[in-house]
Amino acid sequence: MIPLPNNAEIFPDADSVARAAADRLVALCAESRQERIAVCLSGGSTPKRLYALLAGPDHVGALPWERLHWFFGDDRFVPWTDEASNMHMARTAFGNAPIPEGHLHGIPTDGTLDAAASVYAKTLRDFYGADSLDPARPLFDLVLLGLGEDGHTASLFPGKPAVDEREAWVAAVPEAGLSPFVPRITLTFPALASSRQLLVLVTGAGKREPLTHIAGGEDLPARHISSTGTLTWLLDRAAADLG
């Protein structure tokens, strides 16, 4: 078995991981007295399962959709109609979920890469109501992240400048470190860490290698995931090398 983070929980399979994440969002919403609840979405197959679950019969009625605002941790710089787009994936997975107009805040993909990153940073600042992050008032109530086979998370790739950004909330990524090799826009570690809860969803045997490297102390981007609130890794048995 791979040495796992102290805050890791193991589930039988990817579907169980998605269900656990869905249940945590429902619980968070039930406990929250805030007028607005901000969730930062991730791309990937397990998050896609999660979004479909949230829109499904077991969860759709349990969420205060009128209070929820959905943001993205990263996206590829392609049109929202492109199947490689996280926005396209989320829209498809959410299906007919009752998301109010203007509550799904996609990362812009028109104009220049730097300009689009600046626009999204302004969207976040306007929503937050300040230009600097206060640890006592997180930007997000829940952040969802994944783990790439090269150890990246969001679009924070090994050896790329965005990994070291500690001031800006959003960064342009002209060269992705993994296929598809298209430019991307990503939230930075400070923005992602500004969260009441952060869940890292890790499923499949392909994630054993990066988990092993992280456990061994290798300086991969995912090793720097943190939260001002709680941080939990949700793994399935395949990723944890439990068969």
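For the structure given in this document, a descriptive report is provided here. (Residues numbered from 1 in each chain as written. Predicted model: local features only at pLDDT ≥ 70, side-chain atom pairs only at ≥ 80, totals over all residues. Heavy atoms only, no water.)

**Quick notes on the overall build of the protein chain**
Then, number 1: Helix and strand counts for the protein chain stand at six helices and nine strands.
Then, number 2: The C-alpha radius of gyration of the protein chain comes to 17 Å, within 12% of the 18 Å expected for a compact globule of 243 residues.
Then, number 3: Projected onto its principal axes, the C-alpha coordinates of the protein chain cover approximately 45 × 40 × 35 Å.
Then, number 4: Counting all 243 residues of the protein chain, 51% fall into the buried class.
Then, number 5: Long-range contacts, defined as pairs at least 24 residues apart, comprise 77% of the intrachain contacts of the protein chain with a sequence gap of at least 6.
Then, number 6: Entry remark: accessible area of the protein chain is about 10700 Å², with carbon and sulfur atoms responsible for 50%.
Then, number 7: Across the protein chain, the mean location of the 20 positive side-chain charges is 3 Å away from that of the 30 negative side-chain charges. (Helix = DSSP H or I, 4+ residues; strand = E, 2+ residues; numbered from the N terminus. Rg over C-alpha atoms; globule rule 2.2 N^0.38 Å. Buried < 20%, exposed > 50% of the residue type's maximum accessible area, 1.4 Å probe, protein only. Contact = heavy atoms within 4.5 Å. Areas by Shrake-Rupley, 256 points an atom, 1.4 Å probe, with all protein chains shown as cover. Lys, Arg positive; Asp, Glu negative; His and termini not counted. Charge placed at Lys NZ, Arg CZ, Asp CG, Glu CD.)

**With respect to the nonpolar core**
Note on soluble globular proteins: their nonpolar side chains tend to be buried together.
Then, number 1: In terms of nonpolar packing, the biggest core is built from 80 residues, with Leu41, Trp70 and Trp233 touching the most fellow members.
Then, number 2: Apart from residues no more than four positions distant in its own chain, Leu41 is found in contact with Tyr51, Trp70, Phe71, Phe72, Gly73, Ala90, Phe94, Leu104 and Leu144. (Core = buried A, V, L, I, M, F, W, Y, C linked by side-chain atoms within 4.5 Å.)

**What to know about the pattern of salt bridges**
Then, number 1: Summed over all chains, the structure comprises seven salt bridges.
Then, number 2: The closest approach of N and O atoms between Arg24 and Glu9, which form a salt bridge, is 2.3 Å. Taken together, the residues span a long stretch of sequence, with Arg24 in helix 1 (residues 14–31) and Glu9 in strand 1 (residues 8–11) at a distance of 15 residues.
Then, number 3: Residue class for Glu9 comes out partly exposed when judged on its relative accessible area of 30%.
Then, number 4: The partner of Arg49 in a salt bridge is Asp15, and the shortest N-O contact between them spans 2.8 Å. Remark: Asp15 occurs in helix 1 and Arg49 occurs in helix 2 (residues 45–54); sequence separation between them is 34 residues.
Then, number 5: Asp15 gets classed as partly exposed once you look at its relative accessible area, which sits at 40%. (Salt bridge = Lys/Arg side-chain N within 4 Å of Asp/Glu carboxyl O.)

**Points about the sheet that holds strand 2 (residues 37–41)**
Then, number 1: Taken together, the six strands give an open sheet; going across it, the order is 1-9-8-5-2-3, and neighbouring strands pair in parallel fashion. Looking at the sheet topology across the chains shown, the edges are occupied by strand 1 and strand 3 (68–72). Adjacent strand axes in the sheet meet at a mean angle of 20°, parallel and antiparallel pairs treated alike.
Then, number 2: Both strand 2 and strand 5 (residues 140–146) contribute to a ladder of two bridges, which runs parallel. Within the sheet, the bridge partner assigned to Val39 lies in strand 5 and is Leu142. (Pairing = 2+ DSSP bridges. Axes fitted to C-alpha atoms, helices over the stretch in contact; angles between N-to-C directions.)

**A short note on the packing of aromatic side chains**
Then, number 1: Considering all chains together, one arrives at seven aromatic pairs under this definition.
Then, number 2: When the ring of Trp70 is compared with that of Phe94, the centres are 5.0 Å apart and the planes differ by 55°; the resulting orientation is tilted. Of the two residues, Trp70 sits in strand 3 while Phe94 sits in helix 3 (residues 86–94), which places them 24 residues apart along the sequence.
Then, number 3: Members of the aromatic cluster, joined through ring pairs, are Tyr51, Trp65, Trp70 and Phe94.
Then, number 4: The cationic tip of Arg36 hangs over the ring face of Phe127; the distance from NZ or CZ to the ring centre is 3.9 Å.
Then, number 5: Between the NZ or CZ atom of Arg137 and the centre of the ring of Tyr128, over which it lies, the distance is 3.9 Å. (Phe/Tyr/Trp six-rings, centres within 6.5 Å; stacked < 30°, edge-to-face > 60°. Lys NZ or Arg CZ within 6 Å of the ring centre and 35° of its normal.)

**Some points on the layout of surface pockets**
Then, number 1: Estimated volume of the largest pocket: approximately 480 Å³.
Then, number 2: Lining the largest pocket are 23 residues; nearest its centre among them are Gly43, Gly44, Leu147, Gly148 and His152.
Then, number 3: Contributing elements (two or more residues each) for the lining of the largest pocket: helix 2 and strand 4 (74–76).
Then, number 4: No other element matches helix 2, which puts three residues into the lining of the largest pocket. (1 Å grid on protein atoms, 1.4 Å probe; cavity = no way out; pocket = protein on both sides within 12 Å on 5 of 7 lines; lining within 4 Å. Points joined across faces, edges and corners; volume = space filled by probe spheres on them.)

**Considerations on helix 1**
Then, number 1: Its 18 residues give helix 1 an end-to-end C-alpha distance of 26 Å, which sits within 8% of 26 Å, the value for a rise of 1.5 Å per residue.
Then, number 2: Within helix 1 the residues assigned to the buried category are Ala14, Ser16, Val17, Ala18, Ala20, Ala21, Ala22, Leu25, Val26, Leu28 and Cys29. (Expected span 1.5 Å × (residues − 1).)

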